Amino acid sequence: MKLHRQIPNGHTIKSATISRNSGGSYHISILTHYEIDVKPIVPQPNKVLGLDYSSKGLYIDHTNTAANYPKYFRKMEVRLKSEQRVLSRRKKGGSNWNKQKLRVVRLHEKVSNQRKDFLHKLSRQLAETWEAVVVEDLNMKAMSQALSLGKATMDNGNGLFRTFLGYKMAERGKRFVRIDKWFPSSKRCGACYKINKTLTLKERVWVCEGCGGIHQRDENAAGNIRAEGLCLLGLA
């Protein structure tokens, strides 16, 4: 057995769930109960991070720093298509079909594990660095079905990333803030707050009609998200 981590002292085991995935691997998930005394941290304005969702790169923050998501599915896509073509030529239910199906399943499992590993490390880094993180409360499933970037949206695992980041921030007594999905983060000028009602998804740089400011779409949106989060936190 590969034990991912030792159960710390003071943890009481409540249950153990045994599961088997489609690749044939067995996993035991152990639920424990423990008490912690976390002192809530009052975030400082300069330690609040705003994140704007990016289909291709996971996110852009208010400092114009990208997550640089490695796009694991895209890297595996050529090999997956090749293995799936082989599977389609095999007789369904036969021994060779079962072996080939297992190869395809394990490739998908590898991509999933790579994605989770990256998201865990990235969310931990942000939770250690920032005292509050602000994101939009987006419906990722609906976005993946509605946009032409559906494959990229499903690949980057933004919903899973927000889940990881949320509980990691809470464990440290820090704040994870979700703002309303209808907040006009992309269309609002970060300087004069005028709304650009004609802005389209394809426009990555735009000029504000109110103040003449030139905005990079994602960086401006992340700044607006951060500003709204500061208001919700009572720091603005």
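Computed from a predicted structure; not experimentally measured.

Engineer: Break down the sheet that holds strand 5 (residues 132–136) for me, with residues and values.
Structural biologist: Pairing is mixed across the open sheet formed by four strands, whose spatial order is 4-3-5-6. The two strands at the open ends of the sheet, each matched to only one other strand, are strand 4 (58–61) and strand 6 (175–179). Adjacent strand axes in the sheet meet at a mean angle of 30° when their direction is disregarded. When strand 3 (residues 48–54) meets strand 5, the two strands line up parallel, connected through three bridges. Directly across from V48, in strand 5, lies its bridge partner A132. With respect to the sheet, helix 2 (residues 95–129) is in contact with strand 3 and strand 4, its orientation differing from that of strand 4 by roughly 20°. Most of the contacts of helix 5 (residues 158–171) go to strand 6, to which it runs at about 140°, and overall it touches strand 3, strand 4, strand 5 and strand 6.

Engineer: Residues and numbers for a positive patch on the surface, please.
Structural biologist: Taken together, K81, R85, R89, R90, K99 and R103 make up a surface patch of like positive charges. Of all the elements in the fold, those that place two or more residues in the positive patch are helix 1 (72–89) and helix 2. Examining the composition of the positive patch, we find that three residues originate from one element, helix 1, more than from any other. Residue R89 is classed as exposed on the basis of its relative accessible area of 64%.

Engineer: Any chance you could break down the packing of helix 2 against helix 5 for me, citing the residues and the numbers?
Structural biologist: The N-to-C vectors of helix 2 and helix 5 enclose an angle of 40°; their axes lie 9 Å apart at closest approach. Between helix 2 and helix 5, the interaxial angle falls into the category oblique. The element helix 2 and its partner helix 5 pack so that their crossing is right-handed. Residue-level contacts link K116, L119, H120, L122, S123, R124, L126 and A127 of helix 2 to L160, F161, F164, L165, Y167, K168 and M169 of helix 5.

Engineer: How would you sum up the packing of aromatic side chains? Please name residues and give values.
Structural biologist: Under the defined criterion, the tally for this structure stands at five aromatic pairs. Each ring, one from Y69 and one from Y72, has its centre 5.7 Å from the other, and the planes form 90°; the classification is edge-to-face. We classify Y69 as buried; its relative accessible area is 6%. Owing to a relative accessible area of 16%, Y72 belongs among the buried residues under this scheme. Where F164 meets Y167, the ring centres are 6.3 Å apart and the plane angle is 75°; that geometry is what we call edge-to-face. Placement of the pair is F164 and Y167 together in helix 5, with a separation of three residues, close to one helical turn. Judged by its relative accessible area of 8%, F164 falls in the buried class.

Engineer: Tell me about a nonpolar patch on the surface, residues and numbers included.
Structural biologist: Where nonpolar side chains cluster on the molecular surface, the patch consists of M1, L3, I7, I13, I18, Y26, I28 and I30 and spans about 920 Å² of accessible area. Residue assignment for the nonpolar patch shows that the elements contributing at least two residues are strand 1 (12–20) and strand 2 (26–33). If one sorts the elements of the nonpolar patch by residue count, strand 2 sits on top with three residues. Positionally, I28 belongs in strand 2.

Engineer: Describe empty space enclosed by the protein, with residues and values.
Structural biologist: Evaluated as defined, the whole model comprises one cavity of 30 Å³ or more. Roughly 80 Å³ of internal volume is contained in the largest cavity. Around the largest cavity sit L51, D52, Y53, L58, Y59, V135, E136, L138, N158, F161, R162 and I225, which together line it. Those elements giving two or more residues to the lining of the largest cavity turn out to be strand 3, strand 4, strand 5 and helix 5. Among the residues forming the lining of the largest cavity, the class breakdown is eight nonpolar, one polar and three charged.

Criteria and thresholds
Residues numbered from 1 in each chain as written. Predicted model: local features only at pLDDT ≥ 70, side-chain atom pairs only at ≥ 80, totals over all residues. Heavy atoms only, no water. Pairing = 2+ DSSP bridges. Helix = DSSP H or I, 4+ residues; strand = E, 2+ residues; numbered from the N terminus. Axes fitted to C-alpha atoms, helices over the stretch in contact; angles between N-to-C directions. Contact = heavy atoms within 4.5 Å. Patch = residues over 30% accessible without salt bridge, like charges linked within 9 Å, V, L, I, M, F, W, Y side chains within 5 Å. Areas by Shrake-Rupley, 256 points an atom, 1.4 Å probe, with all protein chains shown as cover. Salt bridge = Lys/Arg side-chain N within 4 Å of Asp/Glu carboxyl O. Lys, Arg positive; Asp, Glu negative; His and termini not counted. Charge placed at Lys NZ, Arg CZ, Asp CG, Glu CD. Buried < 20%, exposed > 50% of the residue type's maximum accessible area, 1.4 Å probe, protein only. Parallel < 35°, antiparallel > 145°, perpendicular 65-115°, else oblique. Left-handed = near helix turned anticlockwise from the far one by under 90°. Phe/Tyr/Trp six-rings, centres within 6.5 Å; stacked < 30°, edge-to-face > 60°. 1 Å grid on protein atoms, 1.4 Å probe; cavity = no way out; pocket = protein on both sides within 12 Å on 5 of 7 lines; lining within 4 Å. Points joined across faces, edges and corners; volume = space filled by probe spheres on them. Nonpolar A, V, L, I, M, F, W, Y, C, P; charged D, E, K, R; others polar.

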